[in-house]
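# Report on the structure
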Amino acid sequence: MEKLQFIDPLLHGIKPIENNTANLSVKQLAFAGIGSILIGAVLKKTGHNKAAAIVGSLALPLLSAAVYKKVSK
């Protein structure tokens, strides 16, 4: 069987993406979630259904991140 050699990304200067949600407060995450719902509703009302679906779908992850951050403290 052939021995596979994998390239280690850390040796080539490729660093993993850092977690940037630690810098956001619960209040900011909650307002972003509520804002996403409102902007999605406005887009749907103006007839941009696909854009409204994309923007509105961001609300649940943002609000759940806010709740998780509040509960985990």
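Let us look at the structure shown here.

Here is what the cut-offs are and how they apply
- The numbers attached to residues start from 1 for each chain and follow its sequence in the written order.
- Under the rules for a predicted model, residues below a pLDDT of 70 receive no local features and side-chain atom pairs below 80 are neither given nor counted, while totals for whole chains, interfaces and linings still include all residues.
- Derived side-chain values reflect all non-hydrogen atoms in the structure, with water molecules and hydrogen atoms excluded from consideration.
- Only DSSP runs of H or I with at least four residues qualify as helices, and only runs of E with at least two residues qualify as strands; both kinds are numbered from the N terminus onward.
- The rule is simple: take the accessible area with a 1.4 Å probe, protein chains only, and divide by the maximum for that residue type; under 20% is buried, over 50% is exposed, in between is partly exposed.
- What makes two residues a contact is simply this: any of their non-hydrogen atoms within 4.5 Å.
- Interaxial angle, 0 to 180 degrees, is taken between N-to-C directions of lines fitted to C-alpha atoms, where a helix line uses only the stretch in contact.
- Here is the rule for angles: anything less than 35 degrees is roughly parallel, anything more than 145 is roughly antiparallel, 65 through 115 is roughly perpendicular, and the remaining ranges are oblique.
- Working rule for handedness: look at the near helix, and if it is turned counterclockwise from the far one by less than a right angle, call the crossing left-handed; if clockwise, right-handed.
- Any residue outside Ala, Val, Leu, Ile, Met, Phe, Trp, Tyr, Cys, Pro, Asp, Glu, Lys and Arg is labelled polar, Gly included; the first ten of those are nonpolar and the last four are charged.
- Here, expected helix span is obtained from the residue count minus one, scaled by 1.5 Å.
- Note: the arc covers the axis-to-C-beta directions of the helix.

A separate point is the overall build of the protein chain. Within the protein chain one finds three helices and zero strands. Shown N-terminal to C-terminal, the secondary structure of the protein chain runs as helices and strands in the order α-α-α. Per-residue burial over the protein chain gives 11% buried out of 73 residues. Within the protein chain, contacts between residues separated by at least 24 positions form 59% of all contacts whose residues are at least 6 apart in sequence.

A few words now on the packing of helix H1 (residues 26–45) against helix H3 (residues 59–72). Between H1 and H3, the shortest axis-to-axis distance is 8 Å and the interhelical angle comes to 160°. Judged by the inter-axis angle, H1 sits roughly antiparallel to H3. In this structure, H1 meets H3 at a crossing whose hand is left-handed. Two secondary-structure elements touch here, H1 through Val-26, Leu-29, Ala-30, Ala-32, Gly-33, Ile-34, Ser-36 and Ile-37 and H3 through Ala-59, Leu-62, Leu-63, Ala-65, Ala-66, Lys-69 and Lys-70. Taken together, the residues of the contact of H1 with H3 break down into 11 nonpolar, two polar and two charged.

This brings us to H3. A rise of 1.5 Å per residue sets the reference length of H3, with its 14 residues, at 20 Å; its end C-alpha atoms lie 20 Å apart and thus fit the reference within 8%. Taken together, the buried positions of H3 are occupied by Ala-59, Ala-66 and Lys-69. Taken end-on, H3 shows its buried residues confined to a sector of 110°, consistent with a single buried face. Counted as exposed and oriented over 90 degrees from the buried face of H3: Leu-60, Val-67, Tyr-68 and Val-71. Close packing links the buried residues of H3 with H1 and helix H2 (49–56).

Spanning 20 residues, H1 covers 29 Å between terminal C-alpha atoms, matching the ideal 28 Å at 1.5 Å per step. For H1, the complete set of buried residues consists of Leu-29, Gly-33, Ser-36 and Gly-40. For H1, the arc enclosing every buried residue in end-on projection is 55°, short of the 170-degree limit, so these residues lie on one face. Seen from the open side of H1, the exposed residues pointing more than 90 degrees away from its buried face are Lys-27, Phe-31, Leu-38, Val-42 and Lys-45. Buried residues along H1 sit in contact with H2 and H3. Of the residues one or two after H1, Gly-47 is the one with positive phi, at around 100°.

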